[in-house]
Amino acid sequence: MAKHAYPLTKLAELLQGSAQGEDVTITGVGTVDDAKAGQITFIEKAVMLPAGESSGASALIVPPSATTERKPIIITEDPRLAFNRVLQIFAPEPKCYIGVHPTAVIEDGVTIGEHVSVGAYAFIGQNTILGDNTMILPLAYIGHEVTIGNGTTVHPQVYVGERVIIGSNCIIHAGSAIGADGFGFAPTPQGHYKIPQIGTVIIEDDVEIGANTTVDRATVNATRIGAGTKIDDSVHVAHNVTIGKNCLLCGEVGIAGSTTIGNNVTMGGQVGVNDHVKICDNVVLGGKCGVISDIDEPGVYSGFPAIKHSSAMRAEASLRKLPDLLKQFRALQARMHELEQRLGEHSE
Amino acid sequence: MAKHAYPLTKLAELLQGSAQGEDVTITGVGTVDDAKAGQITFIEKAVMLPAGESSGASALIVPPSATTERKPIIITEDPRLAFNRVLQIFAPEPKCYIGVHPTAVIEDGVTIGEHVSVGAYAFIGQNTILGDNTMILPLAYIGHEVTIGNGTTVHPQVYVGERVIIGSNCIIHAGSAIGADGFGFAPTPQGHYKIPQIGTVIIEDDVEIGANTTVDRATVNATRIGAGTKIDDSVHVAHNVTIGKNCLLCGEVGIAGSTTIGNNVTMGGQVGVNDHVKICDNVVLGGKCGVISDIDEPGVYSGFPAIKHSSAMRAEASLRKLPDLLKQFRALQARMHELEQRLGEHSE
Amino acid sequence: MAKHAYPLTKLAELLQGSAQGEDVTITGVGTVDDAKAGQITFIEKAVMLPAGESSGASALIVPPSATTERKPIIITEDPRLAFNRVLQIFAPEPKCYIGVHPTAVIEDGVTIGEHVSVGAYAFIGQNTILGDNTMILPLAYIGHEVTIGNGTTVHPQVYVGERVIIGSNCIIHAGSAIGADGFGFAPTPQGHYKIPQIGTVIIEDDVEIGANTTVDRATVNATRIGAGTKIDDSVHVAHNVTIGKNCLLCGEVGIAGSTTIGNNVTMGGQVGVNDHVKICDNVVLGGKCGVISDIDEPGVYSGFPAIKHSSAMRAEASLRKLPDLLKQFRALQARMHELEQRLGEHSE
């Protein structure tokens, strides 16, 4: 399935690196462990050079500190970055229907930009606006009065509720639900009374949202995801939450209602954040940790309840010593008892 | 997008409160932080009055203890409840296709009540019954021999498996899967043997189920969700589970197989409950806690394994003191050693 | 809804057991608690016999050690296994469209095997191959160049991304997303740069994947799920992960990127595994535990960070004693202080 073939020298030019060795033809990419003939891979540090040399790859991207004559190479300051560019070069073109598929349901008043793709059995509700170069894949549901910015891709099975606003160059992966009702109920003697969720969701530019993730609509205003933030699969963002710019939320994170998260916040997998909490900029939350109160200081936090990672590590280390401590404590008590006995004798 | 406009006096009447100040026209709702001209907001306590007065709102809902002449107000005993009613008043009408959309697939033997909406590309399987005023949104899948009660809404991308029974006035949000097979396998020398899951799911009246939640079908009888229970997004309810009435399950909760949960049980986000566990009525489980054995006494529980919250807090507080305790213990050991040395001298 | 009716003697024959008592007609299955007339249930041990005898069931499957004359019985060495076979006998036939539904979109170059069912509004992308006896339920999305093996079932609302390979006799439950992009970004001064995810997902034979689960495509090669592995609902498997054969992953498990998991590994609900971790064969991970580093030794692990379950239990038990320990420690300090005082007197 090689869609492209490049001589090594041409590839070096595209990567702004310098080629050395035979000018082989590169038809794809591989990892050091699995690369096959025709593929190029990369090594990040000199210590990985032997693995690269003995790999099946036809060429290596290497740093200046790890050149070799055993394989054709491209020398570049940042081999990992260069490899990312190679991935882009060899990425297969996304396939989509050109134009609006005859089976797509387009309700009244929909505005469709230029070069828009709407796939089979997609549904676009009344008065919705699809910007230029948007791609709505088959079986996606876009409610009424939605705005989707230029260059945004909405994958199959996605739900975008009414009045949601999605910016430009966003990617919403399969099965995500953007704009379902927030979980708001008022206790009454007759049971839980549903508080209408009449707000919306605003997703700024350059946001990516993983598969089967949920972002709920606000009670009154908007649940908001800041520009450049990337969210993984199966994440849950509750109503009235504000997430800042350039955050990273890994898989299965859960953010409870009305919480506010700053910019450049990174959350490991399965992190949970309580409702009505504020987290400042530049915070890193370790995987599985649970934030139950405000975080006002940048840094790395972990554990439950989440505290500074260094303290959490210390507490953890202490905990490991606890069974021993208990034993030693019993011993010390015994020694004390003996001493008291003897001292009793002394004082007689 | 103001769908409604009410003079303040009219709104006060609807809320059974009393208006005071200029009879302004209200066209929407806002929060104290963000309200704009034309909108009404609320304050719950006198301490919030200054924020309300300086907000952009055109009017405030206030308690009798916090009246003002600086803005038009509605005075009411329970401003939060009144605000919930205002949200209902201003909530946009849900849009749906009137009748059965020509693209919907309706298999043989389906019974359709009065005022039913079935959206584009929805699928309704053989012999299924849709009660009066049900709303099946586009792209929903309802299997065969399903029963859906009056006034229930099924959102896009939902899966309802065969023979599932859903009561009246339920809401099933986008992407949920109700009635997929339970996770049941028998170990054999040839690997995991699938135990057929031939039971079903019964969802009683007034239940709300969040987006991308899963409720699995029972092995033999029925997985059951009691009346009035509200379930958030991305929750997983395994096969053979029984959940009582008026429970609240927050986002990403997981309930393992054959567990029984009483009435009025509240679970915070990411709570996990083991299989074959019984939880009695009126239990509150703190966020992220893990229940590994029966809970027989009402109360608040937290931690892993979940214990009474007060004990968990005490254990947590002790844990924080542990690094210090270790230091102090070493000091005490040293003092003991010195004492023993001196006493040794004494006894010589 | 009794699809079948068997005389007890016939059922005994099918189960390779021996019938005793009246040759009643069995029309379904029930549990000891809920069985109704016409149904058969089972008891595993003699201690459950009274419950079986007083149940509503018309017959019991019993072990040789627990026969009775109070109900018709089938005696068999392994009543649980026999009951699983009974479930299979009484399982309703799955319903599906015979052939390709006229509304299904089948793109160019699709290869369709024998006895294939493609349901209403399903989408099958270019050059995809559907093996014999595959069942693609309504509203499923199968991308281009996908391969699906013989006898595999894909439920409604499932997303299978381009180039994904699914083996034979697999079951993919409703709403799952197989082959969405992995969560890979490179930090740059301009924000998170998307690393193209040009690999795929390979799912081997006899794999079952629960509802709303996500398995992301690899950056370069393939995320791989080994033969015979069973995955529950709402699980997240990140890119570049390899899972071995015959594993069991319970609900809401999360596996971070590039992790490798051996054969016969069992994970309880809500388990999290860090990225780039290796777990050897025959490991059991207790519910909610978090694995942050390699596991090289088979056994049962629990806690966060996950350690051998026995150690975790010991640490847990110690933790419970900690508040008491703190009190006793203060007492010991006081006794020490007193002793030192007295000794001070002594030494004067």
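Attention in this report is confined to the structure presented alongside it. (Residues numbered from 1 in each chain as written. Chains lettered and ligands numbered in written order. Predicted model: local features only at pLDDT ≥ 70, side-chain atom pairs only at ≥ 80, totals over all residues. Heavy atoms only, no water.)

1. A short note on the sheet that holds strand S29 (residues 236–237) of chain C
All names here are of chain C. Worth spelling out the cut-off: One bridge is not enough; two strands pair if DSSP finds at least two bridges between them. Helix and strand assignments follow DSSP, with helices taken as H or I runs no shorter than four residues and strands as E runs no shorter than two, numbered in order from the N terminus.
If you trace the 10 strands from one edge of the open sheet to the other, you get S9-S12-S15-S18-S21-S26-S29-S32-S35-S38, paired in parallel fashion. The strands lining the two open edges of the sheet, one partner per strand, are strand S9 (105–106) and strand S38 (290–291). In terms of strand pairing, S9 meets strand S12 (residues 123–124) through two bridges, oriented parallel. Paired with Ile106 across the bridge in S12 is Ile124.

2. Points about the relation of the copies chain A and chain B
Put simply, the two copies of the chain differ by a rotation about an axis and a shift along that axis. Rules: Superposition of the copies used a least-squares fit over C-alpha atoms from residues whose pLDDT is at least 70 in both.
Overlaying chain A with chain B gives an RMSD of 0.1 Å, the required rotation being 120° about an axis along which the chain moves by 0.0 Å. These values place the two chain copies in the arrangement generated by a three-fold rotation axis.

3. Quick word on the interface of chain A and chain C
Quick note on the threshold: Every residue pair with non-hydrogen atoms within 4.5 Å of one another is taken to be in contact. We define a salt bridge as a side-chain nitrogen of Lys or Arg found within 4 Å of a carboxyl oxygen belonging to Asp or Glu. Classes in brief: Ala, Val, Leu, Ile, Met, Phe, Trp, Tyr, Cys and Pro nonpolar; Asp, Glu, Lys and Arg charged; the others, Gly included, polar.
Residue-level contacts link 64 residues of chain A with 68 residues of chain C. Applying the counting rule to chain A against chain C returns three salt bridges. Counting only elements with at least two residues in the side of chain A that touches chain C, the list comes to helix H3 (79–90), strand S28 (230–231), strand S31 (248–249) and helix H4 (309–347) of chain A. In terms of residue count, H4 of chain A provides more of the side of chain A that touches chain C than any other element does, 19 residues in total. For the side of chain A that touches chain C, the per-class residue count stands at 30 nonpolar, 20 polar and 14 charged.

4. Some remarks on the sheet that holds S31 of chain A
Strands pair in a sheet through their backbones, by hydrogen bonds, and they do so in one of two ways: parallel or antiparallel. All names here are of chain A. Strands sit in the order S8-S11-S14-S17-S20-S25-S28-S31-S34-S37-S39-S40 across an open sheet of 12 strands; the sheet is mixed. Pairing within the sheet leaves two strands with one partner each, and these edge strands are strand S8 (99–100) and strand S40 (307–308). The pairing of strand S20 (residues 171–172) with strand S25 (residues 208–209) spans two bridges and is parallel. What sits directly across from Ile172, in S25, is Ile209.

5. Some remarks on the pairing of strand S26 (residues 214–217) of chain C
Residue and element names in this part refer to chain C. Examined bridge by bridge, strand S21 (residues 177–181) and S26 share three bridges and lie parallel to one another. Residue pairing across strands places Ala177 opposite Thr214, the latter belonging to S26. Here S26 runs beside S29; their pairing, made up of two bridges, is parallel. Paired with Val215 across the two strands is Val237, which belongs to S29.

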